[in-house]
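# Structure assessment
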Amino acid sequence: MFAPVALYFIIFAYVPMAGIVVAFKEYNYRGGIFGSPWIGFENFKFFFGSGKAVQVTVNTLLYNVVFLAAYSFFSILVAILISEMTGRWFKKVSQTILFLPYFISWVTVSAFVYNIFNFEYGLVNTFLKSIGSEPINIYSNPSWWYFILPLFYIWKWVGFGSVLYLATISGIDQECYEAATIDGANAFQKIWYVTLPLIRPTIVILVLLGVGRIMRGEFDMFYQLIGNNGFLMDATDIIDTLVFRSLVGSQDFGMASAAGLYQSVLCFVILMVVNAFVRRYDESQALF
Amino acid sequence: MIKRTSDFYALNAIAYLVVGILAVLAVFPFLVLTVNSFASEHEIINEGYKFWPKEFSSGAYDMIFKNPQRIIRVYELTIFITVVGTAVSLFLSSMAAFVLSRKELRYRNALAFFLYFTQLFNGGLVPYYLLLSRNLHLSNSILVLLLVPMFSVMNILIMRNYMANSIPAAILESATIDGLTEPGCYARIVLPLSTPVLASIGLFTALGYWNDWWTPMMFIQKEALYPLQYTLYQLLASVNFSAQMVNNAPTVNLPKETLKLAMTVVATGPIILVYPFVQRYFVKGITMGAVKG
Amino acid sequence: MKKKLLSTVAVVALVCTMGVSGLWAENETHLTGYLLGSAPSGLNDVVAALNQKLKADLNATMDINYIGWNELSSKYPLVLAAGENIDWIFTADWCQYMTQAARGAFKEITVADVQKYMPKHWAATPKQSWGQTKVDGKGYMITTATPDRKVTVFVIRGDLRKKYGIPPVTKFSDLGPYLAAVKKNEPSMVPMNLDSGFDVSSPFGYAMNDFAPPYWSLQISPSTSGFLLVGNFEDPARSSYSILEEPYKAAFVKASKLMKKWYDLGYVNKNPFANTVRSLDSFTQGKSGVAFTNSVNVQANLKQMQDSGFDPEIIPAVCSTGHYPADAFTNNGVAIAASSKAPEKTMQALDLIMEDPAYDYLVYFGIEGKNYVITKDGKVGLPEGVSAEQNTYPPDAAGFWFTNKDLFKPLASWSEKYLALKKMIPSYLYNSTFTGFAFTPDKVKTEVANLTNVMTQYANPLYIGAVPDVDKAFATYSQKLKAANIDKVETEMKAQISAFSSAQK
């Protein structure tokens, strides 16, 4: 029963995985993946020699930690609140509506942000000017983006994220709630003592899966919202955007592969540590 | 019945307030976007997005639906890929998840690691592309559109987690004692009891297929095999670049800005209607009913 | 067990696809070509007509595939790396020619082969073009016989200029009074509305033209805008410099200071990096006062500008000596894939497509009577009842940019204004001494990656003038460039230029 999936991952993931060697090669078409000459760690030099390796690594990690925490918190909150609602109509409609932002691509989001915040005729600045305030220029002020980016992230993903928690909540045995009611628990206590403990396995696994991607940035979001804006770059540059900017011209397979390998190794190490921690605490909740 | 006490009302008030605010934040941009997709290019460039444009124009939609047969064909293809892909994926992934969820299986952690490792490490784009196009000859086939997005390790592990935690072990034990085989357990007990998670993973998989533009971008050259998102993506790219790269460009009045908005509306349309069907499975008490029945 | 299954699957997949690709008739050669952009809706009819002709002339048929603009940087090298079903592909100095040639993606093109298989093209192409395609001493590109004749221009609103009593403008750096008048009197307009995709460095570059000696700049990466390593294109000795050296350093700072002045006065939009509407479009829609483009692309927008009652004044942005480097032959071309199984047949087919008028009209304008007609006064026009929007195969849009354009009659859609501009262009063009010099970044690719990155972060603000203090910002920029080892790249460039010079003698 496991074979079809196993076969798929062998063919589509493990066979091409051998291509990791490209990170250590000077790729040319005649030699291909295995015939190109070895060049050691040469392909890693552009990243570690950029003078920004530490900065973008830290940025990637911090943004993703904030994103993961905020996303999990709001997804759980929304799922619990929706499941507690009594009005059927509003319950259904609001769930669907929360899903809408998922369909708005970052390109379009970026056009929106520009329309709202641009200095000359954006909605916010038109309003500020009309009440006699100074217009604001968010595109040259990095501190705004520490809030804007997580807010947009939550906005886009919370509808999506709450689905799995909703599914888990709907799988909870009603007898648990009935028992809690008999014990005299109020509505809030039932959430705290019944719902949350019972959805904990889902929380743990989703967070763990998120941790496995902790060094891979949401490239589209950063690239579309920030782009090549030099003013914001120190605050908003992540590994993926730095690598993209550096390599978009040369399209060097080896260098791209090297950067990917760096991210993989970091993800791997962080995940193994967190997973080991979870294992020690509760073996059945660990990923493996 | 539930007693409607003050804490019940308080919780509902909070729920309506918080979810209501979030819903407004979610729906408002979408409404503005829809309205402005009907604005004229001239007005968007000159005045930005408006709540209610002065100059209405269907230019962007005219461009998308310039060739109606083609768009119908594109929708058909996309729906086909989404339905078939999701069905196959859900069936095989849930089987794998069931295997991983069995505590009797000694190597279940090793197998989970075998899957998860592919999430962490991959050979990158070049080997993957070469394997699919040169060794497996999957380019320009509907098969590649079905296979590339088919399985997600995340989804399999989420299902495993649900099956391991939400299905009482006692039920499976008694079923095994009653002589039910493993596939029997899977089909008769686990699947019916997993409907909420199957519904949500099915939704995710369907969205993955529906929104996939990367696979066709990489592996499809024949226009007849372009799914919806890639068709729109191509349209936008060609509008953005044609004026720049093409000499003697025949027309400049291309609705570049409104096209972005109209694309979102066109791509969201049918798939958002799937969600209400998924919601049906998020009803409390489903486990109890299934076990008793 | 699993291994066995794996190989079975691979074999099944292989057999399936072999069955499909075995459909082509025996003896007939099937060729596959790749172009950039997306297929016009009328492409299938044109390819059918093309195949009819190719079948008769060469017993060959051809398939055309497209690599879209958005995926150009990622997919172009992959298609070549896979080398599957590809005989020829569009290439150009701005489209990865040097990098791909150096990696072994293309088949070498020798003069003997061209004479033998492409006699028409050999006759039509000036001999110096073959010297321009050399990468490490070998040529891999079949260039166009007719490079575009164009110069960069900026367009201003003549109606507004006259209305506010501003004297005619001939130089970009004299635009201040005009911008001031637009800013003061036209509150709904942004005098200079720059976007992130095309224009971030355009006005800066135009100002550099006024302040610096004539310069050619080395495009170290397609994503950057030059102004890093430059050479004097009128100097026979091909002297070259970095932007940190005089005389170009002073010009760089001066241009940046001019931009800062204009930025601070509010002539430039504050956030070009987030704006996606190109200046040419916002100008055409009446939103901004200056458009940045070139003398060929402006044609498409002229009619609409005039219809809106603007009086577009098109001003060539040439360098301080009044010259503009002519496009190299390598600006549009085609290459044969190294994996092509029928390179000779491909060259023969390309010879017809590029130089035979019947083929050339077919691939460039489409089917006569359906996509175009020759008007009574000898111009290429649209058939009756077909508007430009309805044309299923608009001129040039299919991506056959490397064919011989001198074979074409003028287009009926060209306005008087455009024809006048077109006539003027050759007087500006200058045969740059750097034409044909192709930089191979292989030895310095780490440095190039880092310089690209530094330029994006530190040069972009200088280009638009959005820095508190130009001198300080330039000092930071210099220091970052040095840290990214600009010196090594400069040395490498100089070595390659002198190798190029000695090869030219």
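Note that the structure is predicted; figures quoted are calculated from it, not measured.

What counts and how
Residues numbered from 1 in each chain as written. Chains lettered and ligands numbered in written order. Predicted model: local features only at pLDDT ≥ 70, side-chain atom pairs only at ≥ 80, totals over all residues. Heavy atoms only, no water. Buried < 20%, exposed > 50% of the residue type's maximum accessible area, 1.4 Å probe, protein only. Helix = DSSP H or I, 4+ residues; strand = E, 2+ residues; numbered from the N terminus. Pairing = 2+ DSSP bridges. Polar contact = N/O pair within 3.5 Å; in protein donor to acceptor, adjacent residues only side chain to side chain. Axes fitted to C-alpha atoms, helices over the stretch in contact; angles between N-to-C directions. Contact = heavy atoms within 4.5 Å. Parallel < 35°, antiparallel > 145°, perpendicular 65-115°, else oblique. Nonpolar A, V, L, I, M, F, W, Y, C, P; charged D, E, K, R; others polar. 1 Å grid on protein atoms, 1.4 Å probe; cavity = no way out; pocket = protein on both sides within 12 Å on 5 of 7 lines; lining within 4 Å. Points joined across faces, edges and corners; volume = space filled by probe spheres on them.

So, on to the pairing of strand 7 (residues 152–157) of chain C. All names here are of chain C. Within strand 7, six of the six residues are buried, which leaves it mostly tucked inside the rest of the structure. By the alternation rule, side chains of strand 7 split into T152, F154 and I156 and V153, V155 and R157, which are all buried. Pairing of strand 7 with strand 11 (residues 290–294), which is carried by five bridges, proceeds in the antiparallel orientation. When the bridges of strand 11 are listed, T152 appears paired with N294. Where strand 7 and strand 12 (residues 312–316) come together, five bridges link them in antiparallel fashion. Its bridge partner being in strand 12, V153 is matched across the sheet by P316.

Residue and element names in this part refer to chain C. By secondary structure assignment, the location of T99 is in helix 4 (residues 97–102). Using a relative accessible area of 14% as the deciding quantity, one classes T99 as buried. Here Q96 takes part through its backbone oxygen, which lies 3.3 Å from a polar atom of the side chain of T99.

Here we come to the sheet that holds strand 7 of chain C. All names here are of chain C. In space, the three strands of this open sheet follow the order 11-7-12, with antiparallel pairing throughout. Here the strands that pair on one side only, and so sit at the sheet edges, are strand 11 and strand 12. Ignoring strand direction, the axes of neighbouring strands in this sheet form an average angle of 30 degrees. Sheet strands in contact with helix 10 (residues 202–211) are strand 7 and strand 11, and its direction is about 75 degrees off that of strand 11.

This part covers the packing of helix 8 (residues 153–166) of chain B against helix 11 (residues 195–210) of chain B. Residues and elements named next belong to chain B. Relative orientation of the contacting elements helix 8 and helix 11 amounts to 175 degrees, with a least axis distance of 10 Å. In this view, helix 8 runs roughly antiparallel relative to helix 11, as classed from their interaxial angle. Facing N155, I158, M159 and Y162 of helix 8, the residues of helix 11 in contact are P196, V197, L198, I201, F204 and T205. Looking at the contact of helix 8 with helix 11 residue by residue, the class counts come to eight nonpolar, two polar and no charged.

Here the structure, examined in full by the defined rule, presents eight cavities of 30 Å³ or more. Empty space within the second largest cavity amounts to approximately 120 Å³. In terms of lining, the second largest cavity is formed by A:A111, A:Y114, A:N115, A:Y121, B:I44, B:I45, B:G48, B:E257, C:A274, C:N275, C:T276 and C:V277. Contributing elements (two or more residues each) for the lining of the second largest cavity: helix 6 (106–117) of chain A together with helix 2 (41–47) of chain B. With three residues, the single largest contributor to the lining of the second largest cavity is helix 6 of chain A. Partitioning the lining of the second largest cavity into residue classes produces seven nonpolar, four polar and one charged.

All we've got here are geometric facts, nothing functional implied.
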